[in-house]
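# A look at the structure
Single-letter residue listing:
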Amino acid sequence: MSKLVLISHGDFSAALKASAEMIMGPQADIATVGLQPNEGPEDFRTKFEAAIAGESKVTVLADLKGGTPSNVAAAVLAQGGDFDLYAGANLPMVISYLNAQMLGAAPDLLRDGQAGVVYVNDIVKH
């Protein structure tokens, strides 16, 4: 089984995991790493590397492309890291990942994440 690591500014990653667990139940194979206000990139890198250490298959969802968590993970990836990194994490992506894990299938995180972003007014008005 693959490990999912959610990375973010502040506590967004922990809240995203908690929200997914409300829907899907407890998730032991999801780790969260948040960049706290008093931390810098090196602090975050230390925590991130600890979260992925010893894992053979890791998928990383970052909150924001171009933010410190995503940039640090991208630097680790560029320096030989072996994991899948996506930025723009949302709850549909996490649910897609978890459903695919349960079914033994490959998730389509980009499609499912994008499909979860809709302008509801257009739906309600038609």
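Structure: see above.
Counting starts from 1 at the beginning of each chain's written sequence and moves along it residue by residue. In keeping with the model being predicted, local features are shown solely for residues with a pLDDT of at least 70 and side-chain atom pairs are shown and tallied solely at 80 or more, while totals for entire chains, interfaces and linings include all residues. Only hydrogens and water are set aside when side-chain values are computed; all heavy atoms of the structure are taken into account.

## What about the overall build of the chain?
In this description a helix means any DSSP run of H or I spanning at least four residues, a strand means any run of E spanning at least two, and both kinds are numbered starting from the N terminus. Across its full length, the chain holds six helices and four strands. Listing every helix and strand of the chain by position from the N terminus yields β-α-β-α-β-α-β-α-α-α. For the radius of gyration, the atom set is restricted to C-alpha positions; the globular benchmark scales as 2.2 Å times the number of residues to the power 0.38. For 126 residues, the compact-globule formula gives about 14 Å, and the C-alpha radius of gyration of the chain, at 15 Å, lands near that figure. Its C-alpha atoms give the chain principal-axis dimensions of about 50 × 35 × 25 Å. Think of it in three bands: with a 1.4 Å probe and only protein chains considered, a residue is buried below 20% of the maximum accessible area for its type, exposed above 50%, and partly exposed in between. Residues counted as buried form 40% of the 126 residues belonging to the chain. Sequence-distant contacts, at least 24 apart, represent 70% of the contacts inside the chain between residues at least 6 apart. Carbon together with sulfur atoms contributes 56% to the accessible area of the chain, which is approximately 7100 Å² in total. Should any heavy atoms of two residues lie within 4.5 Å, those residues are considered in contact. All accessibility values rest on the Shrake-Rupley procedure with a 1.4 Å probe; residue burial counts only the protein chains present in the view.

## A look at the pairing of strand β4 (residues 84-87)
For a regular strand, side chains alternate in direction, first toward one face of the sheet and then toward the other. Being paired, for any two strands, means DSSP has found at least two bridges between them. Across four bridges, strand β3 (residues 58-62) lies against β4 in parallel orientation. Within β4, the position partnered with L61 by the bridge is Y86. Throughout, right-handed denotes a crossover for which the path from the first strand over the helix to the second runs clockwise when the strands point away from the viewer. The β-α-β motif built from β3, the intervening helix α3 (residues 68-78) and the parallel element β4 has right-handed crossover chirality.

## Here's the deal with the packing of helix α2 (residues 41-52) against α3
The relative placement of two packed helices comes down to the angle between their axes together with the axis-to-axis distance. Between N-to-C directions, angles span 0 to 180 degrees; the directions come from axes that are lines fitted to C-alpha atoms, helices contributing only their stretch in contact. Interaxial distance between α2 and α3 falls to 10 Å at its minimum, and their mutual angle equals 60°. The angle between α2 and α3 falls in the class oblique. For the element pair α2 and α3, the recorded crossing hand is right-handed. When α2 is examined against α3, the residues P41, F44, R45, F48, E49 and I52 are found in contact with a partner set consisting of T68, P69, V72, A73, A75 and V76. In terms of residue class, the contact of α2 with α3 is built from nine nonpolar, one polar and two charged. Roughly parallel refers to an angle under 35 degrees, roughly antiparallel to one over 145, roughly perpendicular to one between 65 and 115, and oblique to any angle outside these ranges. Rotating anticlockwise by less than a right angle from the far helix to the near helix defines a left-handed crossing, while the corresponding clockwise rotation defines a right-handed one. Ten residues, namely Ala, Val, Leu, Ile, Met, Phe, Trp, Tyr, Cys and Pro, are considered nonpolar, four, namely Asp, Glu, Lys and Arg, are considered charged, and the remaining ones, Gly among them, are considered polar.

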